[in-house]
Amino acid sequence: EQWGGLPDPGDTQTHMSVAVRRAEFEDRLGIEALITDEDRTRFGALDVATLLETATLGITAVDECGQVVGYAALSDAPGRPEVDPAQWPEWFRGIVGEVQLGVTNSAWLALFVCHPAARAEVAENVMRTAFATLPEVDAVLLALPAGRESSFGPLEDAFAPLPTLAEASTPFDVLACPRALFLANLKLRPARVEDYDDLAAIFESESEVLAERYGEFFIAQLIESQDESHKALVAEVDERAIGLMALNAEVDIGELQAAFDLDAFDGLVTADPDLLAAADAALARADTAAA
């Protein structure tokens, strides 16, 4: 009854199309219906309402009818009562040693649940969306009760246990899912003329306006004309250019100042240090005279 029009939970051969979006509080009942006793063993005491309000990122997966078929909550701390959220980096290093993961480049998976018939689809879409939404995150971490990582179901292939220090004493295994497993790592470099074929195909698929306005060889000319004031950068994956950024230092500051309110940015003008020093001295003299 709780599954409504969804496939029988025991039917793992059925596949469904899913879409993901940011979680909403109205998803609570649908998420709670997905939680099993095994999920409670993996993730501990679960308060879905609190997770929906406090998670760094909540992602809900829905089927073609809009019914909730999966949910993931990511947090900035392990979410275990045994671990002080403010002290988790020290706790983490005490288990795995010095690794290049910490507060600034990682997130913790606080909960992941899904309908059995949509395991692969939900796992793939949720993790890809998580990394795309959190570009600073290099890995998603997970603390599971010791010995539970081998039965982690849909995400078993994505998360691998981190080596534990011999002297570490903890009831948890710490697992990590690297960004590169779901999103390719980008390499940024100066654009080269030989990038033209890759970039032209991208621009033609995205817009016809550039070619109509600037001509067929606009990209090649932009790359070739680089100098001290004009630069072009490409994003590269597997030695193939997949994106382009053109930068121009010759900007009409006056025109921008006339069109936009730039007071918060000092009018995009760098003040002369000597003038600033003189102004500070004048203010100091005025304060002295007033006293």
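On a predicted model such as this, the values are computed, not experimentally measured, just so you know.

### Thoughts on the overall build of the chain
Scanning the chain from N- to C-terminus turns up 10 helices and 10 strands. Its C-alpha radius of gyration of 26 Å places the chain more than 25% over the 19 Å reference for a compact globule of 291 residues. Taken along the three principal axes of its C-alpha coordinates, the chain extends 70 × 65 × 45 Å. Across the 291 residues in the chain, those meeting the buried criterion constitute 35%. Within the chain, residue pairs in contact and separated by at least 24 positions form 69% of the contacts whose partners lie at least 6 positions apart. Counting only carbon and sulfur atoms, one obtains 52% of the accessible surface of the chain, whose full area is about 17300 Å².

### Re unusual backbone geometry
The backbone phi angle of D238 is positive, close to 55°, even though this residue is not glycine. In this structure, D238 sits in the loop between β9 (230-237) and β10 (240-248). Positive phi, close to 65°, is recorded for E239, a residue that is not glycine. Counting through the fold element by element, E239 comes out in the loop between β9 and β10.

### Focus on helix α5 (residues 119-133)
For α5, which comprises 15 residues, the first-to-last C-alpha distance of 21 Å matches the rise-based estimate of 21 Å (1.5 Å per residue) to within 8%. Among the residues making up α5, those that are buried are E121, V122, A123, V126, M127, A130 and F131. Along its buried surface, α5 packs onto β1 (19-22), β2 (57-62), β3 (68-75), β4 (106-114), β5 (139-145) and β7 (172-178).

### Points about helix α6 (residues 196-206)
One turn of the α-helix equals 3.6 residues, which is why residues spaced by three or four share an orientation. Among the residues of α6, those classed as buried are Y196, L199 and A200. Buried residues of α6, viewed axially, fall in a sector of 100°; they line one side. Opposite its buried face, α6 presents the exposed residues D197, S205 and E206, each directed more than 90 degrees away. Packing partners of the buried residues in α6 comprise α8 (218-224), β9 and β10.

### Considering the pairing of β10
In this sheet, β10 lies alongside β9 in antiparallel orientation, the contact comprising eight bridges. Bridged to H230 within β10 is N248. Linking β9 to β10, which pair antiparallel, is a turn of two residues; within it D238 sits at a positive phi near 55°.

### Overview of the nonpolar core
Of all hydrophobic cores here, the largest spans 45 residues; its most connected members are L109, F112, V122 and F159. In terms of residue count, β4 provides more of this core than any other element does, seven residues in total. Not counting chain neighbours up to four residues away, the residues in contact with V122 comprise V18, A61, V69, G70, F112 and C114. If you look at the next biggest cluster of nonpolar residues, it comprises 12 residues, including F92, F172, V174 and A176.

### Thoughts on the packing of aromatic side chains
By convention here, two paired aromatic rings are described through the distance between centres and the angle between planes. Tallied over the entire structure, the rule returns seven aromatic pairs. Measuring from centroid to centroid gives 5.3 Å for W88 and W108, while their planes differ by 85°, and the two rings are edge-to-face. With W88 in helix α4 (residues 88-96) and W108 in strand β4, the pair connects residues that are 20 residues apart, well separated along the chain. With relative accessibility at 2%, the residue W88 sits in the buried group. On the basis of relative accessibility, which here comes to 0%, the residue W108 falls in the buried class. An angle of 50° between the planes, with centres 6.1 Å apart, marks the rings of W91 and W108 as tilted. A residue pair is termed long-range when its members are at least 10 positions apart, and W91 in helix α4 and W108 in strand β4 qualify at 17 residues. Grouping aromatic residues by their ring pairs yields a cluster made of W88, W91, F92, W108 and F172.

### A word on the sheet that holds β3
Strand order across the open sheet formed by seven strands is β1-β2-β3-β4-β5-β7-β6, with mixed pairing between neighbours. Edge strands, defined here as strands with exactly one partner in the open sheet, are β1 and β6 (160-161). Bridge count for β6 against β7 is two bridges, and the pairing is antiparallel. Bridge pairing links P161 to L175 in β7.

### Some words on the environment of D261
Here D261 shows up in the loop between α9 (253-259) and α10 (273-290). Taking the C-alpha atoms as reference points, D261 and E224, separated by 37 residues in sequence, lie 35 Å from one another. Looking at D261, its side chain comes within polar contact range of the main-chain nitrogen of D263, at 3.3 Å.

Rules of the game
- Residues numbered from 1 in each chain as written.
- Predicted model: local features only at pLDDT ≥ 70, side-chain atom pairs only at ≥ 80, totals over all residues.
- Heavy atoms only, no water.
- Helix = DSSP H or I, 4+ residues; strand = E, 2+ residues; numbered from the N terminus.
- Rg over C-alpha atoms; globule rule 2.2 N^0.38 Å.
- Buried < 20%, exposed > 50% of the residue type's maximum accessible area, 1.4 Å probe, protein only.
- Contact = heavy atoms within 4.5 Å.
- Areas by Shrake-Rupley, 256 points an atom, 1.4 Å probe, with all protein chains shown as cover.
- Expected span 1.5 Å × (residues − 1).
- Arc of directions from axis to C-beta.
- Pairing = 2+ DSSP bridges.
- Core = buried A, V, L, I, M, F, W, Y, C linked by side-chain atoms within 4.5 Å.
- Phe/Tyr/Trp six-rings, centres within 6.5 Å; stacked < 30°, edge-to-face > 60°.
- Polar contact = N/O pair within 3.5 Å; in protein donor to acceptor, adjacent residues only side chain to side chain.

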